[in-house]
Amino acid sequence: MAIKGKICKIAENGYLQNPEDWNREIADGIARREGIVITDIHWKMVDFLRGYYCQNKDVPPVKILA
């Protein structure tokens, strides 16, 4: 898949095969292909989740998100 001039491999489940390819432009391009417009509130959640994962190498428990 080409997004903003960058070729990214996308797995059957829709995830990037190479997480290092991720950036906001790529995320926005994938979202737009799905008919989603990412708003500032979405970016806050994305930034939190990515930060949590990078620090803990795991997804946060649901109770943290509530």
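Conventions used here
- Residues numbered from 1 in each chain as written.
- Predicted model: local features only at pLDDT ≥ 70, side-chain atom pairs only at ≥ 80, totals over all residues.
- Heavy atoms only, no water.
- Salt bridge = Lys/Arg side-chain N within 4 Å of Asp/Glu carboxyl O.
- Helix = DSSP H or I, 4+ residues; strand = E, 2+ residues; numbered from the N terminus.
- Buried < 20%, exposed > 50% of the residue type's maximum accessible area, 1.4 Å probe, protein only.
- Phe/Tyr/Trp six-rings, centres within 6.5 Å; stacked < 30°, edge-to-face > 60°.
- Lys NZ or Arg CZ within 6 Å of the ring centre and 35° of its normal.

A. Up close: the pattern of salt bridges. Within this structure, the stated rule accounts for 3 salt bridges. Among the salt bridges present, the one from D21 reaches K6, with a minimum N-O distance of 3.7 Å. Of this pair, D21 sits in the loop between β2 (6-7) and α1 (24-33) while K6 is found in strand β2, placing the two residues 15 residues apart along the sequence. Look at K6 and you get partly exposed, because its relative accessible area is 33%. Note that R32 is salt-bridged to D28, the shortest N-O span being 2.9 Å. Here R32 and its partner D28 are both found in helix α1, 4 residues apart, which amounts to about one turn of the helix. When its relative accessible area of 14% is taken as the criterion, D28 is described as buried.

B. Here's a closer look at unusual backbone geometry. In this structure, K57 takes a positive phi of about 55° despite not being glycine. Relative to the assigned elements, K57 resides in the loop between α2 (40-56) and α3 (62-65).

C. Here's a closer look at the packing of aromatic side chains. For the structure on display, the rule yields 1 aromatic pair. Ring centres of F48 and Y52 lie 6.2 Å apart, and the angle between their planes is 45°; this geometry places the pair in the tilted category. Residue F48 and its partner Y52 are both found in helix α2; the two are separated by 4 residues, about one turn of the helix. Directly above the ring of W22 sits R50, whose terminal nitrogen or CZ lies 3.7 Å from the centroid.

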